[in-house]
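Take a look at the letters that make up each chain.
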There are 2 protein chains.
Amino acid sequence: MREFKRKARVLLIDDNADHLRGVKELISLETNYDIVGTTTSANMGINLVKKYQPDLVLMDINMPEKDGLQAIQEIEKLELGTKIIALSGYDDADLIFRAMKIGAKGYVLKTMASAQLIYAIDEVLSGKVYLPSALSSRFFEYFQRTFKEESSNQNEENLLNYLTSREEEVLDLLTQGNNYKAIAGKLFISETTVKTHVNNIFQKLQVNDRTQAVLYALNNGFANKVRAKISA
Amino acid sequence: MREFKRKARVLLIDDNADHLRGVKELISLETNYDIVGTTTSANMGINLVKKYQPDLVLMDINMPEKDGLQAIQEIEKLELGTKIIALSGYDDADLIFRAMKIGAKGYVLKTMASAQLIYAIDEVLSGKVYLPSALSSRFFEYFQRTFKEESSNQNEENLLNYLTSREEEVLDLLTQGNNYKAIAGKLFISETTVKTHVNNIFQKLQVNDRTQAVLYALNNGFANKVRAKISA
DNA sequence: AATTTTCTAAATCCATGGATGTAAATCAAT
DNA sequence: ATTGATTTACATCCATGGATTTAGAAAATT
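Here the structure is a predicted model, which is why all the values come from computation and not from measurement.

Participant: Requested: an account of helix α2 (residues 42–52) of chain B, with residues and values cited.
Facilitator: Residues and elements named next belong to chain B. For α2, the full list of buried residues reads A42, G45, I46, L48 and V49. Projection of α2 onto a plane perpendicular to its axis shows the buried side chains occupying an angular sector of 160°, all on one side. Check the buried side of α2 and you find it contacts β1 (8–13), β2 (33–39), β3 (56–60) and α3 (68–78). Near the N-terminus of α2, the side chain that reaches the backbone nitrogen of N43, with its oxygen 3.3 Å away, is that of S41. Remark: Q53 follows α2 within two positions and exhibits a positive phi of approximately 45°.

Right, here's the structure in full:
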C-alpha cells in the first residue's frame, strides 16, 4: 500500500443518512484520509466540492432528489481533477457503464465489504481506475454488446460496398452537409455530374433523398470506411 | 480454482515459433486443458477454428503477415462462441481498447508471469472477461478520454437547447429521414406547420438545410437528449 | 390581467433537389 | 480486341424544399 504525503481530502455524498454515517466511521478509522464534509444532498454536495475541492468524492448515485450521475457530470465539468467513486446499491450494467462513461474513477456496491471500499479508494487516489472484478466483467460484457452491433453492421450486406470510389467521395461530402454546388466546386466537376453521382448513390443505397443517404452512411460505418481508406 | 467437466479445448496462434512452444509447454502442464492445435499463421488459425471449434483461442495480435485484430474479428463473425484472449507484446491503450471492442475476452502481455496467463484462461473459460488490473486501468483511461469529448460537446453552447419541445419532435423525425409530408402525417399537423417548425429549427441551429440540421443534431448528442427525456 | 412563447396554419415565390434518358471518353478486365 | 464499368456531362421536367410574411389560439410566465 502506498503512503501519501498529506492526508487525502474526502467528501461523502449519500442521501441515506444511516449509510452515510457508516461510511464516515469506516473511513475515519483510516489514518490516510481526512473527511472534509458529508451531505445527503446532491446539490449541496456540488457546492461543497467547489468550496473544499476534495481529492475524492464518494457519490451515491441512487438518490431520488437529484440524479447522482448528473451530479458526477457537474463535478467533472468543474475540472478540478476531483476523483469520483460511485456508490450504488445495484450492479446494473447500464448504470456501471454510464458512470464510467462520464468519468467516475470507480464504482463500488454498498453491499461490498468495507475493505473493498478502502481498497478502491486507495487505488483511485493513486491515479488508477478501479472496478471490482465482478463489476468490470459486467462492464465489459455491456461494452462488447454495445460495440458488437457497430462492427457487425459493417459486414452483412452493406450497400455501401457497391459504391464506386468517386461515389464514395461524393457521399463523403454529402455527409458534411454540402449541396450540389459545393460538391461540384470541391471536386472540380460540373453540378450536373454531381447530380448523376448522387442519383446513382440513391439507387444503390435504396433511399429517396440526401438526408436518408447521409443517415444510411453514418449508421453503416461509412466514416470508418473512409478513414480506413485514408490510413491504408 | 474451478473444475471443468471436460477438458477445455485450446488453440494457440502465434507467429513467433519460440513463444508458441513456450506457451504450449506451459499449458500442457495444466491438467484442465487440451491443446487441439497450434499454428504460426493467422489464416491457418482461422481454418483450425472452423475445423476444431475450440473453447478458447490464444491469439498473438502482433503478427506481420495478417493483423491479429482482424483475425479475431473473423473468428467472432463465425459465431461459434469461441472465447479469445489476445496476446501482445505491447500494453498500448489503443490496442487494448480495439481488442476488447471487437470481442476479445481477455488481453495478456507476453511479458507477464505465466501464472497470470493461466489465471486469465481460467477466468475467461468460466465466462468472465479478464483484463489484468494494470491493463484495465489503461483501458478505462482510454475509454474515458474517448467519451469525455462526446459529453463535453453536449455542454458549451449547444444550440439544441434553444429548441422547443415540438421542434425537438420534428427534428427527431428529420433525423430519421422523414420528409415534410411524412412528418405532418406522424404528428397529425399540416405540412405547412411542419415547414414553419423546420424553418425555425434552421434559424436556431444556424444551418441552411435539413441535412445540415440532421448532422448538427447527431454531432451534438441529440439522440442522447431525446432518450434521456424518454427515460425521465 | 397582461405579456410572451409556443404551436398551429396558409400564401407566395423562388431555389434546389431528384428522376430519367442520352452519350462520350477513359479504364480495367476478359 | 471487345466488353463492361466508371466518370464525366447535359437537357428536361416536375417535385420538394426553403425563405418570408402574416396571423389566430393556446399555454406559460410575469
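From this point on, the discussion continues.
Participant: Break down the sheet that holds β3(B) for me, citing the residues and quoting the values.
Facilitator: Residue and element names in this part refer to chain B. Taken together, 5 strands build an open sheet; the order of strands is β2-β1-β3-β4-β5 and the sheet is parallel. Edge positions in the open sheet fall to β2 and β5 (106–109), since each of these has one partner strand only. Between one strand axis and the next, the sheet turns through 20° on average, direction left out of account. Sheet topology places β1 next to β2; 6 bridges connect them, and they run parallel. Counted as the bridge partner of A8 is Y33 from β2. Its contacts with the sheet place helix α5 (residues 114–125) against β1, β2, β3, β4 (83–88) and β5, and it is angled at close to 155° to β4.

Participant: Report on the environment of V23(A), specifying residues and quantitative values.
Facilitator: Residue and element names in this part refer to chain A. Within the secondary structure, V23 sits in helix α1 (residues 17–28). With 91 residues separating them along the chain, V23 and S114 place their C-alpha atoms 8.4 Å apart. Among residues more than four places away in sequence, those in contact with V23 are L12, L58 and L117.

Participant: Any chance you could break down the protein's contact with DNA strand D for me, citing the residues and the numbers?
Facilitator: Among the 17 residues in the neighbourhood of DNA strand D, the closest are listed as T164(A), R166(A), S190(A), N199(B) and R210(B). Among atoms of DNA strand D positioned within 4 Å of the protein, sugar and phosphate together represent 69%. T196(A) has a polar side-chain atom sitting 3.5 Å from a base nitrogen of DNA strand D. Those elements that provide at least two residues to the surface near DNA strand D are α7 (165–174) and α9 (191–205) of chain A together with α9 (191–205) of chain B.

Participant: Explain the packing of aromatic side chains to me, and be specific about the residues and the numbers.
Facilitator: Describing an aromatic ring pair means giving the distance of the ring centres and the angle of the ring planes. Tallied over the full model, the rule gives 19 aromatic pairs over all chains. Aromatic side chains F97(A) and Y142(A) sit 4.8 Å apart centroid to centroid with 45° between the ring planes, which places their arrangement in the tilted category. With F97(A) in helix α4 (residues 93–101) and Y142(A) in helix α6 (residues 133–153), the pair connects residues that are 45 residues apart, well separated along the chain. Assigned by exposure class, F97(A) and Y142(A) land together as buried. A ring pair is formed by F139(A) and F143(A), whose centres lie 6.2 Å apart and whose planes are at 10°; its orientation type is stacked. Here F139(A) pairs with F143(A), and both are found in helix α6, just 4 residues apart, close to one helical turn. Linked through ring pairs, F97(A), F139(A), F140(A), Y142(A), F143(A), F97(B), F139(B), F140(B), Y142(B) and F143(B) together constitute an aromatic cluster. One residue, R210(A), lies across the ring of Y180(A), its end atom 4.9 Å from the ring centre.

Participant: Explain empty space enclosed by the protein to me, using residue names and the numbers behind them.
Facilitator: Any empty space left between atoms is shown by rolling a water-sized probe over those atoms. Residues and elements named next belong to chain B. Enumeration over the complete set of coordinates arrives at 2 cavities of 30 Å³ or more. Within this model, the largest cavity holds a volume of roughly 40 Å³. For the largest cavity, the full set of lining residues is L12, I13, D14, H19, L20, V23, L58 and L87. Counting residues per element, the ones that place at least two in the lining of the largest cavity are β1 and α1 (17–28). The element that contributes the greatest number of residues to the lining of the largest cavity is α1, accounting for 3 residues. Partitioned by chemical class, the residues of the lining of the largest cavity number 6 nonpolar, 1 polar and 1 charged. Considered as a void within the structure, the second largest cavity measures approximately 30 Å³ in volume.

Participant: Talk me through the nonpolar core; I want residue IDs and the actual numbers.
Facilitator: Counting residues in hydrophobic clusters, the biggest one holds 108 residues, and the most contacted among them are L58(A), Y107(A), F139(A), L58(B), Y107(B) and F139(B). Excluding its chain neighbours within four sequence positions, the residues that come into contact with Y107(B) are I61(B), I85(B), A86(B), S88(B), Y90(B), L95(B), I96(B), A99(B), Y130(B), L131(B), P132(B) and L135(B). Core analysis: the next-biggest nonpolar cluster, separate from the first, contains 23 residues, L215(A), L160(B), V198(B) and V207(B) among them.

Participant: I'd like a description of the pattern of salt bridges, backed by residues and values.
Facilitator: Residues and elements named next belong to chain A. Using the criterion set out here, one finds 16 salt bridges over all chains in the structure. Measuring nitrogen to oxygen at the nearest pair gives 3.5 Å for the salt bridge that ties R21 to D18. Highlighted residues: R21 and D18, both in helix α1, separated by 3 residues, approximately one helical turn. Overall, R21 belongs to the partly exposed group, its relative accessible area being 47%. Here R166 and E169 are joined by a salt bridge, their closest N and O atoms 3.1 Å apart.

Participant: Tell me what's going on with the interface of chain A and chain B, and back it up with residues and numbers.
Facilitator: Where the parts come together, the accessible area they lose is often given as the size of the interface. Taken together, the contact pairs 35 residues of chain A with 36 residues of chain B. Of all residues in chain A, the largest losses of buried area upon contact with chain B belong to K101(A), F140(A) and Q144(A), amounting jointly to 21% of the total for that side. In this assembly, chain A and chain B are joined by 0 salt bridges. Scanning the region where chain A abuts chain B turns up 7 residue pairs in polar contact (both at pLDDT 80 or more). Mapped by element, the contributors of at least two residues to the side of chain A that touches chain B are α3 (68–78), α4, α6 and α10 (210–219) of chain A. Looking at the side of chain A that touches chain B element by element, the count peaks at 9 residues for α6(A).

The rules behind these values
Residues numbered from 1 in each chain as written. Chains lettered and ligands numbered in written order. Predicted model: local features only at pLDDT ≥ 70, side-chain atom pairs only at ≥ 80, totals over all residues. Heavy atoms only, no water. Buried < 20%, exposed > 50% of the residue type's maximum accessible area, 1.4 Å probe, protein only. Helix = DSSP H or I, 4+ residues; strand = E, 2+ residues; numbered from the N terminus. Arc of directions from axis to C-beta. Contact = heavy atoms within 4.5 Å. Polar contact = N/O pair within 3.5 Å; in protein donor to acceptor, adjacent residues only side chain to side chain. Pairing = 2+ DSSP bridges. Axes fitted to C-alpha atoms, helices over the stretch in contact; angles between N-to-C directions. Near = heavy atom within 4 Å. Phe/Tyr/Trp six-rings, centres within 6.5 Å; stacked < 30°, edge-to-face > 60°. Lys NZ or Arg CZ within 6 Å of the ring centre and 35° of its normal. 1 Å grid on protein atoms, 1.4 Å probe; cavity = no way out; pocket = protein on both sides within 12 Å on 5 of 7 lines; lining within 4 Å. Points joined across faces, edges and corners; volume = space filled by probe spheres on them. Nonpolar A, V, L, I, M, F, W, Y, C, P; charged D, E, K, R; others polar. Core = buried A, V, L, I, M, F, W, Y, C linked by side-chain atoms within 4.5 Å. Salt bridge = Lys/Arg side-chain N within 4 Å of Asp/Glu carboxyl O. Buried area = accessible area lost by both parts, 1.4 Å probe.

All we've got here are geometric facts, nothing functional implied.
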